[in-house]
Amino acid sequence: MLEYALIAGLLFGLYFSLIGLGLNLVFGVMRVVNLAHGDFLMLGGFAAYWLFTLRGVNPIFSIPIVFSAFTLIGWPLYYLLVPRLQASKDPEMLSLILFFGLSQVIEACATIGFGTSEYSIPGDVLGSEPWHILNQTFPASWMVSGIASAVCIALVYLYLYRTRIGYATRAVMSQRDEALSTGINVHAVSALAFGISLALAAVAGVLAPFMFGSILPAMGVAVTITSFAVIVMGSLGQPLGTVLGGMVYGVALMLMQTYASSWANLLPYLVLILILLVRPTGLLGKRVRHA
Amino acid sequence: MRNGLRHLIFVLVPVVAAFAVLPWVYSNHLLLFNFVVFLVLAQGINVIYGFTGYLPFGYVGFFGAGAYGFSLLVLRMHAPPLLALVAGALAALILGIILTPLLRLEGAYFAIASLAASEVVAQIISNPNLTNVTQGPYGIRLSGVYAPRFAYSVAVVILALTLLIVVYLRNSRFGLALQAIRENPVSASMAGVDVVRGRTIAWLLSALIAGLIGAVYAWYISVFYAETVFDLGMSIFAIVFALFGGTATIVGPISGVAILYGIYNGIGIATPQYFQLIYGILIMALVSFLPNGVLPLLKRWGINVP
Amino acid sequence: MKSRRLLPLPLVCLLASILTPADAAETPKEIKIGTLYASSGPFASISMPVYYGLRLWVEQKNAEGGALVKPFNKKIPIKLIAYDDQSSTATATTLYNQLITQDKVDILVSDSGSVLTSVGVPIARDHKMLLIDQTGTGATFFTKDNPYIVLISDPISSIWPKYVGDFLNTEGYQLGIRRVAILYATNDYTSTQANAVRKFLKDAGKLEIVYDNGVATNTSNYVVLLQNIRASNPDAVVHLGYPGNDIAFFRNVQESGIKFKWLFGIYAGLETELVERAVGPKALQYVYTYVTSSAISYKPNFGMTLAEFKAAWDKKYQGGHVEFGFNSVAGYTTGLVLDRALATTDSLDQLALRRAIFAQSGKLKTLDGDFEVDETGAQTGEIQPLGQLVPDSKGGLKLNIVYPRDLADSKPAYPAP
């Protein structure tokens, strides 16, 4: 039972790393708290559902479709919302409210459009036989999800560390004003990062029917909260710290489900608090000086 | 303190008097009560965020602690309501003391950690293994203390107390010290402000405020589940109301609640189906066009805001 | 002479006004029924169908000219005043109060589910209004000291799983079931049912509970939990959760390749359309569940039959996003009970309405089953039989009723092939 919980935890954690990755990217690049992140995930899920139901598109192929679509949506959305925010006294905290409003708008539109019930995609489109690893069986969809998450994380790594624009993005993440003064088009870089962040959320959404069992318009808020816990554990502004945070979350959750199930949802938050008390900027964060 | 006296007379007294008198005029008392609750919560946020710069996403944790503190004393020990109120406030205060180390965190880390703390408390309370203590997931049902009119009056008293605290902060050196901490803790400490003591006091004050009104809330509604009093939406509403009106002032949160919560209820009663949509768009428009709240607008027009 | 003729005239008028029923001058022009619904948030999926069911009844009645109200001896149109509480209990409290104090409704009907009903209980009591509790089955609402509540369309949670427990203890035992695993979500509704199942099993003492755990209601993955359940080697598995839990649970069972001999889930029956669409028919084959009023055709002595109701529903709400199922029947049943109450009550006074409703207990049978309330207002009738979903010839599923014997139409297929 222990090994099963560990492996399942790693898989599930990898999925949550995917969810958190976009959120962390946005925070790191523009210090914006995207409370609508879970709702974009939900939209991605519904996109996959409709692509599957209306056109028979296998969710695996929905992934690149959804990725491109949401990157394109993110770009103008950035210009619409963020620059104005940055002009205010406390953009970090105000972004909270702005994106909370956005989250409500998205949820409302989704409810009007899709109703309030749960939707799902049958698991056998990703493989009808469970996979066997180390003598344990895991649902095929979990394995595919894990692989897809790993691929996306790898792609983000490549983007950040191997492309010019990724280099510029990292510059903006560490010192926004200085990046501006070296001639980097901060807005363009940020807009791209924003688009990618939404796209990552949407890709996670495509996998959501398999990992969460179902999708429904009201699911966004809970997902956002959990993903915040994950990225803060890993460290805000450090996208690859999210991977670590996700793993910690996943394994902790699965272990608790095995040994003390009714407390399972408690542990990740507890772990988060403990981590923050020991390392206030998360597992991989840099020490910040304050009084 | 002359300013303080003016604030007292022109802000605190009218507001408290209004809410004391309104029940005679408007019969949906529960709505009035909810207004008082949000007024108090928004001022509580004002104390810890407006003055001190820490934004607690999990502010509702203190509210819930107060509610459960009250309820458990009534349920298990059959205490009289006023004594149980003190217990509720104490419960929130103790929670605040336990969570004081979180103040070492900054900005968004603090926000998320406080949210996590609130969730932890909510989960512990609603765990079925603790049913004998907290009623677990089955919710609280108080009988024998149902007294909505008296509870409302107590709520108005708490509102008065809260406003007093904010008036004090607005007009005292301590309040100024807190604002200094908010702007730059390092410089503040170099200027002689005891940063740790200052923010701890602000934190505990805000916890106390939420705990008190949480206890009264439990008294008023007397039947609730854990999700009701640990609802994240309440934190968010209180924060949005405080921010909209303008922080570090007395009138700011009041106007924020009056306007935004008023609109919320107005929409809810008038056009329910597009409720969430309209409210979301409204919030987005407000933050986009009035990012610092309504008050800087007023300041630009030369009105000095209390 | 003139004066003698004039004198009797006022006397006649006076006599006429005394002898005419006093209410004739005060016949209300409409009966106001106030209710809440949640159009968004976690409770929307159980709330909207109930609301639509009630609305269907209101509109049907109004098409006939209104509901017959006995004290005025005529049909009076019904006005349904409904607000959206967005699944928020704080909003629901102010809206219940709004209905009572501002709209001054004659009849107060709760929103669906225990959470949104709970906040209405003290408000109704304070204002001395009878709370028509549609589907809020929380056991703590019903006490001897509060007459202002009555549960209409669902049995109280502590009795709901009666036939599950009975089956396991009797026929299940005969089939060879000895070890039972219980997994439940830790909220009032499913925890109370879990307690009931546990009690039914422990009281009979024949079966051993080998796994008994609660998980948070927002649990959405059961992969690890299922392995743990399997490790305890149960003969029967009882899963008690909300629709999201059931969907995730059944998917994970299928995808993990696990086969249980006897598996029960609440919403496979309560929202069959929804769950089947989400997990696919294969995942639900041989699953046991409740046979709800939308899956069994009781012979009502009042109101439409199930078939008639479904036809009316499809006609009115076709193409809509609101699921037809047990909750829609629940809303309509509320209407039917109110129908009988208004037709038999002595007055519109709240306690008179209560007496009229209680008088229906044991006499009224609707498409929802036998209406029976105990002295505290809790519904003790309408208990749902146990059924099993089996594959039909078209690749879909058919619900067989397997227990109790007098309602059953098939034998259970055990162990699941």
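As a convention, each chain's residues are numbered from 1 in the sequence order in which they are written. All chains are assigned letters beginning with A, and all ligands numbers beginning with 1, in the order in which they are written. Residues qualify for local features only when their pLDDT is at least 70, as the model is predicted, and side-chain atom pairs are given and counted only at 80 or more; totals for whole chains, interfaces and linings, by contrast, use all residues. For the side-chain quantities, the full set of heavy atoms in the structure was used; hydrogens and water were omitted.

Undergrad: Hey, could you run me through the overall build of chain A in this one?
TA: Note on conventions: DSSP H or I runs of at least 4 residues are helices, E runs of at least 2 residues are strands, and numbering of each starts at the N terminus. Tallying secondary structure elements over chain A gives 11 helices and two strands in all. Moving toward the C terminus, one meets the helices and strands of chain A in the order α-α-α-α-β-β-α-α-α-α-α-α-α. The size measure is the radius of gyration over C-alpha atoms, and the globule rule it meets is 2.2 Å times the number of residues to the 0.38 power. The globule rule puts the C-alpha radius of gyration for 291 residues at 19 Å, and the 19 Å found for chain A is close to it. If one aligns the C-alpha atoms of chain A with their principal axes, the spans along those axes are about 55 × 45 × 35 Å. Between buried and exposed lies partly exposed: a residue is buried under 20% and exposed over 50% of the maximum accessible area for its type, with that area taken using a 1.4 Å probe on protein chains only. Scored against the burial criterion, the 291 residues of chain A give a buried share of 65%. Whether two residues are in contact is decided by their heavy atoms: any pair within 4.5 Å suffices. A fraction of 76% describes how many contacts in chain A between residues 6 or more apart in sequence connect residues 24 or more apart.

Undergrad: Before we go on, may I ask you to explain the overall build of chain B in this structure?
TA: On a plain count of helices and strands, chain B comes out with 15 helices and two strands. Scaling as 2.2 N^0.38, a compact globule of 306 residues should have a C-alpha radius of gyration of about 19 Å, and chain B matches this with 19 Å. The dimensions of chain B, computed from C-alpha atoms along their principal axes, are 55 × 45 × 40 Å. Residues classed as buried in chain B amount to 62% of the 306 residues present. Of all intrachain contacts in chain B linking residues separated by at least 6 positions in sequence, the fraction that spans at least 24 positions is 77%. Note on areas: Shrake-Rupley with a 1.4 Å probe; residue coverage comes only from the protein chains shown. Here chain B displays about 11200 Å² of accessible surface, and carbon together with sulfur accounts for 69% of that area. With 13 positive and 6 negative side-chain charges, chain B shows a spacing of 14 Å between the two charge centroids. Here the positive residues are Lys and Arg and the negative ones are Asp and Glu; neither His nor the chain ends is included. The atom standing in for a charge is NZ when the residue is Lys, CZ when it is Arg, CG when it is Asp and CD when it is Glu.

Undergrad: Please explain the sheet that holds strand β5 (residues 107-109) of chain C as it appears in this structure.
TA: Strands pair in a sheet through their backbones, by hydrogen bonds, and they do so in one of two ways: parallel or antiparallel. All names here are of chain C. Being paired, for any two strands, means DSSP has found at least two bridges between them. Strand order in the open sheet formed by five strands is β4-β1-β5-β6-β7, with parallel pairing between adjacent strands. Unpaired on one side and paired on the other, β4 (78-84) and β7 (149-151) mark the two borders of the sheet. The average undirected angle you get between the axes of adjacent strands in this sheet is 25°. The pairing of β5 with strand β6 (residues 131-133) spans two bridges and is parallel. By the bridge assignment for β6, L108 is matched with L131. In this description, a line fitted to the C-alpha atoms serves as the axis of each element, helices being fitted only across the stretch in contact, and the angle between N-to-C directions of two axes falls anywhere from 0 to 180 degrees.

Undergrad: Can you walk me through the interface of chain C and chain A in this structure?
TA: Accessible area lost when the parts come together is the quantity often used to give the size of an interface. Chain C puts 35 residues into the contact, and the matching count from chain A is 41 residues. Once two parts are put together, the accessible area they lose, assessed with a 1.4 Å probe and summed over both, is termed the buried area. When the two sides are added together, the surface that chain C and chain A hide from each other amounts to roughly 2900 Å², 51% of it contributed by carbon and sulfur. Sorting the residues of chain C by area buried against chain A places C:V224, C:R251 and C:E255 first, and these three jointly supply 20% of that buried surface. Just to be clear on terms, a salt bridge is a Lys or Arg side-chain nitrogen sitting within 4 Å of an Asp or Glu carboxyl oxygen. Linking chain C with chain A are zero salt bridges. For this analysis, a polar contact is any N or O atom pair within 3.5 Å, provided that within protein one partner can donate a hydrogen and the other can accept it, and provided that sequence-adjacent residues contribute only side-chain to side-chain pairs. The interface formed by chain C and chain A holds 11 residue pairs in polar contact (both at pLDDT 80 or more) in total. Of all the secondary structure elements, the ones that give two or more residues to the side of chain C that touches chain A are α3 (44-63), β9 (208-215), α9 (223-231), α10 (243-255) and α12 (272-279) of chain C. As a working rule, the residues Ala, Val, Leu, Ile, Met, Phe, Trp, Tyr, Cys and Pro are called nonpolar, Asp, Glu, Lys and Arg charged, and the rest polar, with Gly in that last group. Broken down by class, the residue content of the side of chain C that touches chain A amounts to 13 nonpolar, 17 polar and five charged.

Undergrad: Got a minute to help me understand the interface of chain A and chain B in this structure?
TA: Taken together, the contact pairs 47 residues of chain A with 44 residues of chain B. For the pairing of chain A and chain B, the buried interface totals around 4200 Å² over both sides, and the portion due to carbon and sulfur atoms is 76%.

Undergrad: What should I look at first to understand helix α10 (residues 241-259) of chain A in this one?
TA: Residues lying three or four places apart along an α-helix face the same way, a consequence of the helix completing one turn every 3.6 residues. A rise of 1.5 Å per residue sets the reference length of α10(A), with its 19 residues, at 27 Å; its end C-alpha atoms lie 27 Å apart and thus fit the reference within 8%. Where burial is concerned, most of α10(A) is hidden: 14 out of the 19 residues are buried. Expected helix span is given by 1.5 Å per residue-to-residue step, counting one fewer step than there are residues.

Undergrad: Would you mind going over a nonpolar patch on the surface with me for this structure?
TA: Residue and element names in this part refer to chain A. Patch membership is restricted to residues that have no salt bridge and whose relative accessible area is over 30%. Joining uses 9 Å for like charges and 5 Å for the nonpolar side chains Val, Leu, Ile, Met, Phe, Trp and Tyr. On the surface, W131, I147, V151, L155, Y157, L158 and Y161 cluster together into a nonpolar patch covering about 630 Å² of accessible area. Top element by residues in the nonpolar patch is helix α5 (residues 140-162). It accounts for six residues. Examined against the element boundaries, L155 turns out to sit in helix α5. Judged by relative accessible area, which is 52%, L155 ranks as exposed.

Undergrad: Mind showing me how you'd approach the packing of aromatic side chains here?
TA: For any pair of aromatic rings, the description consists of the separation of the ring centres together with the inter-plane angle of the planes. All names here are of chain C. Within 6.5 Å between ring centres, the rings of Phe, Tyr and Trp (the latter by its six-membered ring) count as paired, and their orientation is classed by plane angle as stacked under 30 degrees, edge-to-face over 60, tilted in between. This model, assessed by the stated rule, comprises 62 aromatic pairs over all chains. Look at W262 and Y288: their rings are 4.6 Å apart centre to centre, the planes differ by 20°, and that puts the pair in the stacked class. Taken together, the residues span a long stretch of sequence, with W262 in the loop between α10 and β11 (263-265) and Y288 in strand β12 (residues 287-290) at a distance of 26 residues. Looking at W262, the relative accessible area reads 0%, which means it is buried. Judged by its relative accessible area of 0%, Y288 is buried. Following the ring pairs from residue to residue traces out a cluster consisting of W160, Y163, F167, Y189, Y242, W262, F264, Y267, Y288, Y290, F326 and Y403. Here, a charge over a ring means that NZ of Lys or CZ of Arg falls within 6 Å of the ring centre while also lying within 35 degrees of the ring normal. Its end group placed over the ring of Y52, R55 keeps NZ or CZ at 4.7 Å from the ring centre. It is R178 that lies over the ring of Y173; its NZ or CZ is 3.8 Å from the centre.

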